[in-house]
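Structural features, examined
Each chain, letter by letter, is given below.
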2 protein chains.
Amino acid sequence: MYLGSWLSRLSRGLSRPIGKTMRPIWASLSRNLALSSQRIPEFSSFVSRTNTCGELRSSHLGQEVTLCGWIQYRRQNTFLVLRDCHGLVQILIPQDESAASVRRILCEAPVESVVRVSGTVISRPPGQENPKMPTGEIEIKVKTAELLNACKKLPFEIKDFVKKTEALRLQYRYLDLRSFQMQYNLRLRSKMVMKMREYLCNLHGFVDIETPTLFKRTPGGAKEFLVPSREPGKFYSLPQSPQQFKQLLMVGGLDRYFQVARCYRDEGSRPDRQPEFTQIDIEMSFVDQTGIQRLVEGLLQYSWPDDKDPLLIPFPSMTFAEALATYGTDKPDTRFGMKIVDTSDVFRNTEMRFLRDALAKPQGTVKAMCVPQGAKYLRKEDIEYIRKSAAHHFSQEVLPIFLNAKKNWSSPFAKFIMEEERLELTRLMEIQEEDMVLLTAGDHEKACSLLGKLRLECADLLELRGVVLRDPAVFSFLWVVDFPLFLAKEERPTELESAHHPFTAPHSSDMHLLYTEPEKVRGQHYDLVLNGNEIGGGSVRIHDAQLQRYILETLLKEDVKLLSHLLQALDHGAPPHGGIALGLDRLVCLVTGAPSIRDVIAFPKSYRGHDLMSNAPDSVSAEELKPYHIHVLWPTDSEEESVSATPSKHLSS
Amino acid sequence: MYLGSWLSRLSRGLSRPIGKTMRPIWASLSRNLALSSQRIPEFSSFVSRTNTCGELRSSHLGQEVTLCGWIQYRRQNTFLVLRDCHGLVQILIPQDESAASVRRILCEAPVESVVRVSGTVISRPPGQENPKMPTGEIEIKVKTAELLNACKKLPFEIKDFVKKTEALRLQYRYLDLRSFQMQYNLRLRSKMVMKMREYLCNLHGFVDIETPTLFKRTPGGAKEFLVPSREPGKFYSLPQSPQQFKQLLMVGGLDRYFQVARCYRDEGSRPDRQPEFTQIDIEMSFVDQTGIQRLVEGLLQYSWPDDKDPLLIPFPSMTFAEALATYGTDKPDTRFGMKIVDTSDVFRNTEMRFLRDALAKPQGTVKAMCVPQGAKYLRKEDIEYIRKSAAHHFSQEVLPIFLNAKKNWSSPFAKFIMEEERLELTRLMEIQEEDMVLLTAGDHEKACSLLGKLRLECADLLELRGVVLRDPAVFSFLWVVDFPLFLAKEERPTELESAHHPFTAPHSSDMHLLYTEPEKVRGQHYDLVLNGNEIGGGSVRIHDAQLQRYILETLLKEDVKLLSHLLQALDHGAPPHGGIALGLDRLVCLVTGAPSIRDVIAFPKSYRGHDLMSNAPDSVSAEELKPYHIHVLWPTDSEEESVSATPSKHLSS
């Protein structure tokens, strides 16, 4: 449904496929192309056309025009619809003998061939106007036509009802890009970025500075691609972000830096991640957390597409602790409720063994979540699915209990719940008839995480059953703040690692804990969440060399030699500074409603990191490796197996 | 002289060090920060200052301000000059007992420490104004002060008279960036790019599209860095330009693409080249050569800095043949004359053996260049230097002959020149007394190339002797067109290679030669030259698959399998298209008058490709190489020697 359907939609009603808003698509595209409150760009300057196909209206009647475009379709050798990047226009194929050569060109050229036509803009005969098409009042009476390039047989028709696998779309990306949706996505992306630049450069004095991508490995940089140099054994690495450089720019007095930065992360195969991605990278001197937050809110409001409702700022904010307790995640989707409630006190005297046992433990809690109308809409197999999902992702102890508020709490567990517990639960959670309640017990974090996960699964299931929970036209931004500065390492829980990165400044009110109970210190880190997706994160940085050294050396046990240049820089008049990075691919993906970030990137890699069009990465001869002093260590057969056994379900390469 | 001299210049007269124009530097900086005909950016939004140091004027008198900045210098514990990215302001250190703590902070903090001060803008006492300083009428009466970060002993003072090697500057880049010149260069670069974006996106409807940098090796891509993937033996490569992608975008109907694109080229050690660099990358559909040229002229005119004379467009144009014949190069510096003249006819009957022998050969020519006032200014050692340079770079047969027009052609060769030859030469070349004439003989190309090289050396020498030839305030743009499409391979002259790249379209009037005498075909390629530097190049591309295949396979003998995706794309409705790429680093370098592109890049690599600050590239453990299935082939001792024997004169790393 998502892609390629624009052709048939064009003829039906020109409605946009994304979201639930129905708007004329070419009109929306044109509005997006023109920057708000600025002159409309000249789309036909410097080229051999006078106009674009999509811009012609009744106001052009009588004008001699030259158009270039692709043959979209042809009807009975009488009409031809010509397409360019701005829309469609109807071409009248001349029928008289004197125009035989023009007629031949227009009738014989295969669909998707490229032609140039010149002629006059005329009215369509009365009754033949197409009010649903922006150019529907006019057509072109052609005088000359030229075949610029014939199109061979296409691997797939550029039509909605021809279903294409994503692998095929990526293999023939240059054809896929002709779809309305890809054109819309890429143009919207370009426009949003341009408006961000205007906001940062022109309104707020930021300097756009390019930082190197050939850098050196950072401590713990296991996900950094390596680039062999011509010096034996020496490698550059492609950085995951310009973090060090942007801090050094602040030390260098650049004051306000931004960059639309290409970043790299080698995570092997992961769905909906790309080995290279783009972030809006920002850093400011003399700023605090609030300053960065207000800047980013202004940035998003300014660059927000005109065809969406304007953003309301400031965005709401929530502490990490609150997000976990209420939504079971650090990136809550706040478009809908279904909040988690601590019901431990309700069940202090419960007879349900599972709950009682949990509460007997020092950190034990009972958590509940009310799924509105869950009892009405969720089917038996849905419940089974949720139960299995919980069992799969969480240990037995936090398995959910389903309480069905319908028909006097008819679920099997209901009988174990005392009347006063039921009343208190109903009051506390505002349970209505036909709601469903999920109960679980365990330690706070685990129980919340489970319900947070089930909350999203229930939302998916309810929407599958027709309940509207998450309006695609609604964009719920949320700041999540007050993250812990350190986490216990998973493999060695007595050791600490940075929750985000080691340059994050501790909360000023927690400074004293740094030397006594560092695990309790909160960091001046903030995440920006949109509809349940983390789209940005940043922090106030450490500008004190001594503090930075203490955290790196004493708390994190890092090898500070690798960061000696940064520590030295902090010692030489580093200003207080902070910043943020916004994930551009994800942001544009959410704004356009695209199913994947691959749909907002011109030439994305497949799930396994392949360019299916050109076949990258590719083999390289030993001769070509010689200047880099490396050679390939071919895996043994058993290793080979494990290499090729990586999941490959998603895309066929 | 170039760098770090701004401090002393500030106190002397606030003149700009670059070029020969003398302007107040901070004023120039502020003008550049504000985009022309747009509102001035808010430089103090979102941060804990009310104003920047450099913006305060008499109009701010009486205002309470909070400023953040670096301590530039202190005078007798009475005044302190505070610096931020926008300028300097004088702070009055309070002398009264009640302000003892403020006084202590401001007097004790080392130079380059970071402080925040609050106070009132007051007039300087009569007679103490500094008219050369933009903030010279006011000073700040401080009420509170806070030391934000103390500065440890600096590796070098940020002062003019402290000479620093470039290696030291690069090692402490974060300090070097504080210099006026680096701030100016990076801000001017940011502003120029922003204006280019406005021109392309907002005025002419271009779409900013990011293309991948993890790609696959292209045919003949010997200069492409490799990036090992996690698949054994498979490598990405970092492309030298988005050439293929931008053509595919045109096939995809994106119509007008641009990108400020990061590109990569591994050329080993080369002075004034960077392993990663930036180009303004442009491609358009339905365009011809003139269209691209007019677009680029408009682009440069629009983005040209306000503190320079506006550019006159269109730029002059010259064929490759003319450039070679007249300037001996394909990138003539047209700021000065000294054109090459063919004097073969003058010397048809010469008695000079060297010339006579040359003219006896089928392709033999005699070329001459008149160096105005050369006889007056050039010294004996200069002539010797030129002669040696010629001998070093060219074979004996094109060695130059020096004719000294002073004192009746007093040079040793003069006696061999007949009176009528002398008269004809004088007429033809408009030789004046005190000029010097260089004569050489050989085939056209070699003789012109030699004189082209000597022309620049003579210009250098004349300027060394005080003659102004190349005004740094003059920017001479020039299109060079009609390049040959193919060149004979140096190592195998019977085979052809592309003069630029294999996607360049042949001249339409030379199409017939493609199948008979391909070496005579001119390409639709154009170079943009600025003051003798190539700053851009582009072409109309081949959009016909059959023609592209013929050129790749039959003429260039390339393996078309590596480009099958591109050939396929051309077969599926590729529009005619063309484009250009401008070298941003070089352009900004020329505009700012910087001695090296390293001075317009925030964190450049050294001559040998090293990051002297962080020490990239760096060693990587065998363990870290494991996921990439490679290991290091350590060179044997003899190889090692040849590796470390690469020239290392330029920078110490």
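Quantities reported herein were computed from a predicted structural model and do not represent experimental measurements.

Brief notes about helix α14 (residues 419-429) of chain A
All names here are of chain A.
- For α14, the full list of buried residues reads E421, R422, L425 and M429. Here the buried residues of α14 occupy an arc of 100° about the axis, which is enough to place them on one side. Turned more than 90 degrees away from the buried face of α14, the exposed residues are E420, L423 and R427.
- Just beyond α14, the residue with positive phi is E430, at close to 50°.

So, the sheet that holds strand β2 (residues 79-84) of chain A
Residues and elements named next belong to chain A.
- On the basis of which strands lie adjacent, the closed barrel formed by five strands has the order β1-β2-β3-β5-β4 and mixed pairing. On average, each strand axis in the sheet is inclined to that of its neighbour by 55°, with strand direction left out of account.
- One ladder, built from six bridges, connects β2 with strand β3 (residues 87-92); its direction is antiparallel. Following the sheet pairing, R83 is matched in β3 by L88.

Focus on the sheet that holds strand β11 (residues 317-319) of chain B
All names here are of chain B.
- Spatially, eight strands are ordered β6-β9-β10-β21-β20-β19-β16-β11 in an open sheet, and the strand pairing comes out mixed. Looking along the sheet, the strands with just one partner apiece sit at the ends: β6 (207-208) and β11.
- Relative to strand β20 (residues 533-540), strand β19 (residues 525-530) runs antiparallel, the two being bridged by six bridges. Of the residues in β20, the one forming a bridge with V529 is E534.
- Across the face of the sheet, helix α6 (residues 180-203) comes into contact with β6, β9 (256-264) and β10 (276-285) while running at roughly 150° to β9.
- In this fold helix α8 (residues 289-303) packs onto β10, β16 (477-481), β19, β20 and β21 (577-583), with an angle of close to 165° to the strand it touches most, β16.

Let's talk about the interface of chain B and chain A
- Between chain B and chain A, the residue contacts involve 138 residues of the former and 137 residues of the latter.
- Roughly 12,000 Å² of surface becomes buried between chain B and chain A when both sides are summed, with 59% attributable to carbon and sulfur atoms.
- It is B:F46, B:F286 and B:H572 that lose the most area in chain B upon contact with chain A, and together they represent 7% of the buried surface on that side.
- Taken together, the connections running from chain B to chain A amount to 14 salt bridges.
- For A:D618, the salt bridge identified is with B:K216, shortest N-O distance 3.6 Å.

A few points about the nonpolar core
- Ranked by internal contacts, the top residues of the largest apolar core, which has 102 residues, are A:F477 and B:F477.
- Excluding residues that lie within four positions of it along the chain, A:F477 makes contacts with A:L300, A:W304, A:L311, A:F315, A:P316, A:L528, A:V529, A:L530 and A:I535.

Comments concerning the relation of the copies chain B and chain A
- For the pair chain B and chain A, the relating rotation is 180°, the translation along its axis is 0.0 Å, and the fit reaches an RMSD of 0.1 Å. What the rotation and shift describe, once combined, is the action of a two-fold rotation axis. Scanning chain B for the C-alpha nearest the rotation axis identifies B:V227, at a separation of 2.5 Å.
- The residues that chain B uses at the interface reappear at the interface of chain A in 99% of cases, marking a shared surface.

Some points on the side chain of B:S539
Residues and elements named next belong to chain B.
- Along the chain, the position of S539 falls in strand β20.
- Overall, S539 belongs to the buried group, its relative accessible area being 0%.
- If near-sequence neighbours (up to four positions away) are discounted, S539 is found in contact with H501, T504, Q524, H525, Y526, G578 and G579.

Points about helix α15 (residues 444-464) of chain A
Residues and elements named next belong to chain A.
- End to end, α15 covers 30 Å across 21 residues, agreeing with the expected 30 Å (1.5 Å per residue, within 8%).
- All of the buried residues in α15 are A447, C448, L450, L451, G452, L454, R455, E457, C458, A459, L461 and L462.
- Against the buried residues of α15 lie α9 (320-327), β12 (340-342), β13 (364-371), α11 (374-377), α12 (380-393) and β15 (436-443).
- Near the N-terminus of α15, the side chain that reaches the backbone nitrogen of E445, with its oxygen 3.2 Å away, is that of D443.

Points about the pattern of salt bridges
- For the structure shown, the criterion picks out 92 salt bridges over all chains.
- With a closest N to O distance of 2.6 Å, A:E166 and A:R598 form a salt bridge. Placement of the pair is A:E166 in helix α4 (residues 166-171) and A:R598 in the loop between α18 (584-592) and β22 (618-619), with a sequence separation of 432 residues.
- You can call A:R598 buried: its relative accessible area is 12%.
- Note that B:K223 is salt-bridged to B:E267, the shortest N-O span being 3.7 Å. Of this pair, B:K223 sits in the loop between β6 and β7 (225-228) while B:E267 sits in the loop between β9 and β10, placing them 44 residues apart in sequence.
- Residue B:K223 is classed as partly exposed on the basis of its relative accessible area of 38%.
- What emerges from the salt-bridge pattern is a single network uniting A:R189, A:R262, A:E276, A:D585, A:K605 and B:E210.

A short note on the state of the cysteines
- Enumeration over the complete set of coordinates arrives at zero disulfides over all chains.
- No disulfide involves A:C68; its sulfur sits 8.1 Å from the nearest other cysteine sulfur, which is in A:C53.
- Looking at the unpaired B:C263, the closest cysteine sulfur is the one in A:C263, lying at 17 Å.
- On the basis of relative accessibility, which here comes to 1%, the residue B:C263 falls in the buried class.

Basis of the calculations
- Residues numbered from 1 in each chain as written.
- Chains lettered and ligands numbered in written order.
- Predicted model: local features only at pLDDT ≥ 70, side-chain atom pairs only at ≥ 80, totals over all residues.
- Heavy atoms only, no water.
- Buried < 20%, exposed > 50% of the residue type's maximum accessible area, 1.4 Å probe, protein only.
- Helix = DSSP H or I, 4+ residues; strand = E, 2+ residues; numbered from the N terminus.
- Arc of directions from axis to C-beta.
- Pairing = 2+ DSSP bridges.
- Axes fitted to C-alpha atoms, helices over the stretch in contact; angles between N-to-C directions.
- Contact = heavy atoms within 4.5 Å.
- Buried area = accessible area lost by both parts, 1.4 Å probe.
- Salt bridge = Lys/Arg side-chain N within 4 Å of Asp/Glu carboxyl O.
- Core = buried A, V, L, I, M, F, W, Y, C linked by side-chain atoms within 4.5 Å.
- Least-squares fit on C-alpha atoms with pLDDT ≥ 70 in both.
- Expected span 1.5 Å × (residues − 1).
- Polar contact = N/O pair within 3.5 Å; in protein donor to acceptor, adjacent residues only side chain to side chain.
- Disulfide = S-S within 2.5 Å.

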